[in-house]
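As a plain string of letters, each chain reads:
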Amino acid sequence: MQTELQRLLTENKNLKQQLSSEKMKFDLNFFNDDDDEKVKYYTGLPDFCTLKILYQYVEPYMPHSRASVLTKFQQLSLCLLKLRLNLSHMDIGQRFGINKSSASRLFLCMIDVLHARLQPLIHWPEREQLRETMPMSFRVNFGTKVAIIIDCFEVFLERPSNLSARALTWSSYKHNNTVKFLIGITPQGSISYLSKGWGGRTSDKHVTEQCGILSQLNPGDVVLADRGFDIADSVGMMGAELYIPAFTRGKKQLSGDEVEKTRKIANVRIHVERVIGSLRQKYTILQTTLPIDLMATDDKKNTTIDKIVIVCAALTNLCPSVVPFN
């Protein structure tokens, strides 16, 4: 009886280990079961087909050696898992059967690969492409002139030890040290512009005028923004026009025309806030406080945080738009 009990206990332990191993492979077979909810949960992508196409696109550019413990697909899964769920490197290491330093190294390596390959997905369309596919909510109120809707969002950063860096990254709006990004979306809802990161202290106006987005505008374009973007003159220098909600400061009340114009702008400008919300929700690494060592730059002066945000934005562009066409 004792021998039989011991045998059953050993068998049970082995089966549990085998089940655990099967669950944590995160290989093609793990996702290849028509369970799109699993793909959404672990990667943020809409379905297995999109995940497979992404892998086929980046696989030739992924470094790999015979000594590698993980397959190329598992390395991609590791990176997406980190972006999507913001798991610690210790947790990821346990899931993939590697140590936390290897998990950290593989994540940073994959971020470099994905940044290089996916950056073109953040693309400013030609004017004719924008006009031909302009959603009805824009056509009714602004015709086909709207080229981009802009806003800024911030990502929390660990408090720098350097006093100058601490001052430059302090955001009075967020009451924290942050990195600020300017994001622009098309009326169709895709991310068409993303600046490099700026210190949280930098004003929205300064970021917009210095990041290079204005050079993308064509004469006759319309830019939609919030009241904080006091850039009408800068936009006008490019032959374009800025539409922002009317200011109420110094006025007892807005005129009827101002109220109607503000309502029309607000009804469509909210789409950029929805895209930012979707970006943060899909890739929760952007909701947390990022370590200061991710501010290290490469030879092109891109910080790792810049790369992470660009990769998350590009992956978001692979998902269905938040803007209805009708």
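Here the structure is shown first, and the text comes after it.
Being a predicted model, the structure only gives us computed values, none of them experimental.

Peer 1: Requested: an account of the layout of surface pockets, with residues and values cited.
Peer 2: In this model, the largest pocket occupies a volume close to 490 Å³. The wall of the largest pocket is formed by 23 residues, among which Cys152, Phe153, Glu154, Tyr173 and Lys174 lie closest to the centre. Listed by contribution, the elements that provide at least two residues to the lining of the largest pocket are strand S1 (146-156) and helix H13 (256-282). At 6 residues, the largest contribution of residues to the lining of the largest pocket is made by S1. A breakdown of the residues in the lining of the largest pocket according to their chemical character gives 8 nonpolar, 6 polar and 9 charged. Put simply, the second largest pocket is a space of about 220 Å³. The wall of the second largest pocket is formed by 14 residues, among which Lys82, His89, Pro291, Asp293 and Leu294 lie closest to the centre. A per-element tally of the lining of the second largest pocket places helix H7 (residues 100-118) first, with 3 residues.

Peer 1: Quick rundown of the packing of helix H6 (residues 89-96) against H7? Include the residues and the values.
Peer 2: Helices that pack against each other are described as a pair by the angle of their axes relative to one another and the distance between those axes. The contact between H6 and H7 brings their axes to 8 Å, and the two run at 100 degrees. The angle between H6 and H7 places the two elements in the roughly perpendicular class. Two secondary-structure elements touch here, H6 through His89, Met90, Ile92 and Gly93 and H7 through Lys100, Ala103, Ser104 and Phe107. Classifying every residue of the contact of H6 with H7 gives 4 nonpolar, 3 polar and 1 charged.

Peer 1: Break down helix H3 (residues 36-43) for me, citing the residues and quoting the values.
Peer 2: Within H3 the residues assigned to the buried category are Lys38, Val39, Tyr42 and Thr43. Seen along its axis, H3 keeps its buried residues to an arc of 100 degrees; they face one direction. Packed against the buried residues of H3 are helix H2 (28-31), helix H4 (48-58), helix H5 (72-85) and H6. Once H3 ends, the next one or two residues include Gly44, with phi positive near 85 degrees.

Peer 1: Give me the lowdown on the pattern of salt bridges, citing residues and values where you can.
Peer 2: This model, assessed by the stated rule, comprises 10 salt bridges. Residue Arg127 pairs with Asp221 through a salt bridge whose shortest N-O separation is 3.1 Å. Highlighted residues: Arg127 in helix H8 (residues 127-132) and Asp221 in the loop between helix H11 (204-210) and strand S6 (222-224), separated in sequence by 94 residues. With a relative accessible area of 24%, Arg127 lands in the partly exposed category. The exposure class assigned to Asp221 is buried, which follows from its relative accessible area of 5%. Across the pair Asp298 and Lys307 runs a salt bridge whose closest N-O atoms are separated by 3.1 Å. The structure contains a network of salt bridges with shared partners spanning Asp112, Asp298 and Lys307.

Peer 1: Before we move on, can you summarise the environment of Cys152 with the specific residues and values?
Peer 2: Tracing the backbone shows Cys152 in strand S1. The spatial distance from the C-alpha of Cys152 to the C-alpha of Asp204 is 6.8 Å, given a sequence separation of 52 residues.

Peer 1: Can you tell me about unusual backbone geometry, naming the residues and giving the values?
Peer 2: For His175, which is not glycine, the phi dihedral falls at a positive 55 degrees. Checked against the element boundaries, His175 lands in the loop between strand S2 (170-171) and strand S3 (176-185). A residue is classified by how much of its surface remains accessible, and His175, at 59% relative accessible area, is exposed.

Peer 1: Outline empty space enclosed by the protein, listing residues and values.
Peer 2: Counted according to the given criterion, the structure contains 1 cavity of 30 Å³ or more. Of the pockets and cavities examined, the largest cavity occupies roughly 50 Å³. Residue lining of the largest cavity: Ile148, Ile150, Thr208, Ile213, Leu214, Leu217, Val223, Ile231 and Val235, and that is the complete set. Counted by class, the lining of the largest cavity contains 8 nonpolar, 1 polar and no charged residues.

Peer 1: For the pairing of S1, give the residues involved together with the corresponding values.
Peer 2: The buried count for S1 comes to 10 of 11 residues, which makes it a mostly enclosed element. Examined bridge by bridge, S1 and S6 share 3 bridges and lie parallel to one another. Directly across from Val146, in S6, lies its bridge partner Val222. Of the strand pairs in this sheet, S1 and S3 are connected by 8 bridges, and their pairing is antiparallel. Along S3, the bridge assignment pairs Asp151 with Ile183.

Each value, and the rule that gives it
- Residues numbered from 1 in each chain as written.
- Predicted model: local features only at pLDDT ≥ 70, side-chain atom pairs only at ≥ 80, totals over all residues.
- Heavy atoms only, no water.
- 1 Å grid on protein atoms, 1.4 Å probe; cavity = no way out; pocket = protein on both sides within 12 Å on 5 of 7 lines; lining within 4 Å.
- Points joined across faces, edges and corners; volume = space filled by probe spheres on them.
- Helix = DSSP H or I, 4+ residues; strand = E, 2+ residues; numbered from the N terminus.
- Nonpolar A, V, L, I, M, F, W, Y, C, P; charged D, E, K, R; others polar.
- Axes fitted to C-alpha atoms, helices over the stretch in contact; angles between N-to-C directions.
- Parallel < 35°, antiparallel > 145°, perpendicular 65-115°, else oblique.
- Contact = heavy atoms within 4.5 Å.
- Buried < 20%, exposed > 50% of the residue type's maximum accessible area, 1.4 Å probe, protein only.
- Arc of directions from axis to C-beta.
- Salt bridge = Lys/Arg side-chain N within 4 Å of Asp/Glu carboxyl O.
- Pairing = 2+ DSSP bridges.

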